[in-house]
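Here's the letter readout for the chains.
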Amino acid sequence: MKPDLSVIIGSLNLKNPVMTASGTFGYGLEYADYFDPAMLGGIITKTVTLEPRAGNRMPRIAETPAGMLNSIGLANVGVESFLESKLPELENLKTAVIANIAGNTVEEYCLLLQKIANHPRVDAIEVNVSCPNVEQGGLAFGADASVIEEIMHCMRPETDKPLIVKLTPNVTDIQSIAAAAESAGADALSLINTVLGMGVDIQTRKPLLARITGGLSGPAIKPIALAKVYQAAQAVSIPIIGLGGIMTGEDAVEFLIAGASAVQVGTLNFIQPDGALQVISGIEKYCIDHGIERIQDLVGTLAEA
Amino acid sequence: MYIESCEILTHEAITKTVYRIVVSSERLARECYPGQFLHVKVREAIDPLLRRPLSVHRVIPKKNTIELLYRVVGHGTRLMSGLKSGELLNVMGPLGNGFDLETPFDHAVIVAGGMGGAPVFFLIDTLLDMGKQVTLIWGVGDGKEIFGIETFKARGVDVQIATEDGTVGKKGLVTDLLIPFLAKEKNNSTLCGFVCGPECMLSSVQKLAGKTSFPWQASLEERMACGIGVCRGCGVQLRNADMKMVCDDGPVFNLKEIYFEA
Ligand SMILES: Cc1cc2nc3c(=O)[nH]c(=O)nc-3n(C[C@H](O)[C@H](O)[C@H](O)COP(=O)(O)OP(=O)(O)OC[C@H]3O[C@@H](n4cnc5c(N)ncnc54)[C@H](O)[C@@H]3O)c2cc1C
Ligand SMILES: Cc1cc2nc3c(=O)[nH]c(=O)nc-3n(C[C@H](O)[C@H](O)[C@H](O)COP(=O)(O)O)c2cc1C
Ligand code: FES
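Residues numbered from 1 in each chain as written. Chains lettered and ligands numbered in written order. Predicted model: local features only at pLDDT ≥ 70, side-chain atom pairs only at ≥ 80, totals over all residues. Heavy atoms only, no water.

Asker: Tell me about the interface of chain A and chain B, and please be specific about residues and values.
Answerer: Counting from both sides, the interface comprises 32 residues of chain A and, opposite them, 28 residues of chain B. Here chain A meets chain B over a buried area of about 2400 Å², counting both sides, of which 66% is carbon and sulfur. The tally of links between chain A and chain B comes to 2 salt bridges. The tally of links between chain A and chain B comes to 5 residue pairs in polar contact (both at pLDDT 80 or more). (Contact = heavy atoms within 4.5 Å. Buried area = accessible area lost by both parts, 1.4 Å probe. Salt bridge = Lys/Arg side-chain N within 4 Å of Asp/Glu carboxyl O. Polar contact = N/O pair within 3.5 Å; in protein donor to acceptor, adjacent residues only side chain to side chain.)

The following block contains the structure:
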C-alpha cells in the first residue's frame, strides 16, 4: 500500500513533506525542464526585498568539504517585479507556493507582507530573519528574540495565511528564539538557514569569498541542522520544517524522526536538479519498508538511546 | 532531462596536467553548440559536492562523441583525471549561450590563452564548416600544451602561437601577436573577434579591442554552483553596471561591455 505522505502546516495542506528551499530553486519554474515542480510538496521562492538587489561582489560561492559557502547577498528581482512577472507564471502550478521575504527594518518586513500576502498565488509566507549575507537586519534580526517578536506583532494582524519564520543556527539558544516566534504568532518554523563559515586560499592568502565570511550549506551542516530542529521541537508545539544538508530520503527521514513535520532541500537542487524527487521517493520507500502508513506518524518519534 | 551519464570512450593525458576525455552521447553530439559547456559531476559522492563546468572542446557528430579538455588544478579535476574508459561521466548540459555565429562576418580572429584553447577547437571546426576564414592566435605557458594545430593549418587556418617558454612559436604572450595583426586589420569590418582565456588576458585584449571597429565575443569563467542561473553565484559586472550570470546569460559576452577591475 502506498503510504500517505500528506502533511499539514498551519492551514496549508501539502501533498508530501518535501519543499525546495529559498534561494536554491529560483522563482519556481527554473527547473521545470528537469522535472514537473507540481510533484513537490511546495516551493519556496527566492527571498524578495523591497528593492531589487544585485548582491555582493564575486567570488561569492566556494566549495568546502561536503559543503558550499555562499555570500550571494539576497540578489533578487525586488518585490514589484516578483508580483508582476514571477508569481503570475505560477498561476496554474499545482503545488503550494511559499513566498520568502526579508527587510532591513521591522517596517520593511510589514510593508513587504502587505504587498504580497493577499496575492492569490501566495499560499504561505516564509519570513527570512536569518540571512548571514547582508549588512543590516538578517542575522542580527534572527539572533534577537525581541526583534522577531516585534516583526511578528507587526505582521500577524495583516494576514491569516500561514507565517513561517525561518531561523538561523548562528545563535546560542535556539529554544528561546523558537518559543518567542511561536508566542508572537508564527504558524511554523523553518530551520536552519546557513551556518556562518569561511575558507582561505593558502596560496594567495585570500578568503575564498570576497565578503570573507558567508553561509555554509550542504551535507556538512546536516548534524548541526538536526540538533537545532530537535532542540526547537522540544520548545514549541507548532510544526517545524527541517532543512540543512538533505541529499537523500534517508536524510529527510532523520529530520522527521528528530521532530520536523516537513523538510526542504536546498543545495541538492544545484547538484541534482531532480534531487527533490529522489528525496520524496526515498521517504516513500522508507515508509513502505517500515510499515508506516502515514508520514505524520513518523514525526518526532526519536527512540530512547 | 538534460542530465546524462555518458560512457567514457577514451581518456588520455596530453601533458602532465592536461587531459582529454571523450564521451559518447548522441543527444549531446546533436545539441551542443560552440562556446557551450557541460556541468560535470566528477563522482557520485558528497565530496566534491558541486559540479564542475567544462567547455565542450570538440564534437564529432559522425561518431556521436563529445570531447572535453581540462587541466588538473584542484580536488575535482584531480579525481576526474582518474576516471577510466568504460566508466560513466555524469553531465548536465549543454549549458550556456555559446558563441553568436549568426552575426555577419567573413573572417574570425580567435585569441586563446591557456585552457581557453579548450572551446576554440569546436569553434574552429564549426567556422570552417561555415566557410569562414580563421586566424588563431594561441598562447600557453608550456609549449607541450600546443597540439592539433597541423590539421587546422592543413584546412587553411592561419595559426600563430606564442609560448612563455619560447619552445613553440613566438616567445611571449598572445598580445605580442595580436598587436601586429590588429595594426593591419583593426578597421576591417568583415572581421569578428573571439577571446577565451584567463581574466587578465581578456582584460588586456579588451584594451586592444576597444580600438577596433569590429565586434568581439569573450567567453568568461567564474566559479559556479547551479550552472543554470538559479543560485546567482557566478555574476559578471558589465560597464553599464548591470550584473549578468556567466552560466546563463553567458558564458559568452560582448567583450567591449565587460567591466574588469584590473
Ligand atoms: C564556463 C566554464 C568553462 C570552463 N571550461 C574549462 C575547460 O574547458 N577546461 C578547463 O580546464 N577548465 C575549464 N573551466 C574551469 C574549470 O571549471 C575549473 O578549473 C574547475 O572547476 C576546477 O575544479 P577543481 O575541483 O579541480 O578545482 P578547485 O579545487 O575547486 O579549485 C582550484 C583552482 O581552480 C580555480 N577554479 C575553480 N573553479 C573555477 C571555475 N569555475 N572557473 C575558473 N577557475 C576556477 C580556483 O579558483 C582555484 O584556484 C571552465 C570554467 C567555466 C566557468
Ligand atoms: C546559494 C544559496 C542562496 C540562498 N539564498 C537564500 C535566500 O535567498 N533566502 C533564504 O531564506 N535562504 C537562502 N539560502 C539558504 C537555504 O534556503 C537553506 O536554508 C540552506 O542552504 C540550508 O539548506 P541546504 O543545506 O539543503 O542547502 C540560500 C542558500 C544557498 C546555498
Ligand atoms: S552558477 Fe548558479 S547562477 Fe550561475
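Asker: Residues and numbers for helix α3 (residues 117-129) of chain B, please.
Answerer: Residues and elements named next belong to chain B. Helix length check: α3, at 13 residues, gives a terminal C-alpha distance of 19 Å against a target of 18 Å (1.5 Å per residue), a fit within 8%. The element α3 is extensively covered by neighbouring structure, given that 12 of its 13 residues are classed as buried. Every buried residue of α3 is accounted for by Gly117, Ala118, Pro119, Val120, Phe121, Phe122, Leu123, Ile124, Asp125, Thr126, Leu127 and Leu128. Immediately beyond the C-terminal end of α3, within one or two residues, lies Gly131, with a positive phi of roughly 80°. (Helix = DSSP H or I, 4+ residues; strand = E, 2+ residues; numbered from the N terminus. Expected span 1.5 Å × (residues − 1). Buried < 20%, exposed > 50% of the residue type's maximum accessible area, 1.4 Å probe, protein only.)

Asker: Describe the environment of Arg223(B), and please don't skip the residues or the numbers.
Answerer: Take Arg223(B): it is sitting in the loop between β13 (216-219) and β14 (235-237). For the pair formed by Arg223(B) and Arg52(B), sequence separation is 171 residues and the distance between their alpha carbons is 8.7 Å. In this view, Arg223(B) contacts Pro59(A), Ile61(A), Ala62(A), Glu63(A), Gly233(B) and Cys234(B); residues no more than four positions away in its chain are not counted.

Asker: So what about the side chain of Arg121(A)? Which residues, and what values?
Answerer: Residue and element names in this part refer to chain A. With respect to the secondary-structure elements, Arg121 resides in the loop between α2 (106-116) and β8 (124-128). Residue Arg121 is classed as buried on the basis of its relative accessible area, which comes to 10%. A polar contact is formed between the side chain of Arg121 and the backbone oxygen of Leu90, at a distance of 3.0 Å. A polar side-chain atom of Arg121 sits 2.8 Å from a polar atom in the side chain of Asp123. Every residue in contact with Arg121, bar those within four places of it in the chain, is listed here: Leu87, Leu90, Glu91, Leu93, Thr95, Ala96 and Val97.

Asker: Please set out the pattern of salt bridges residue by residue, giving values where relevant.
Answerer: Counted under the stated rule, the structure contains 20 salt bridges over all chains. Salt-bridge contacts for Lys115(A) lead to Glu80(A); the nearest nitrogen and oxygen are separated by 2.9 Å. On the criterion of sequence distance, the pair formed by Lys115(A) in helix α2 and Glu80(A) in helix α1 (residues 79-86) is long-range, its members being 35 residues apart. Classification of Lys115(A) as partly exposed rests on a relative accessible area of 35%. For Asp289(A), the salt bridge identified is with Lys285(A), shortest N-O distance 2.8 Å. Of the two residues, Asp289(A) and Lys285(A) both sit in helix α9 (residues 275-289), 4 residues apart, roughly one turn of that helix. For Asp289(A), a relative accessible area of 49% puts it in the partly exposed group. One connected set of salt bridges, linked through shared partners, spans Arg58(B), Asp125(B), Asp129(B) and Arg155(B).

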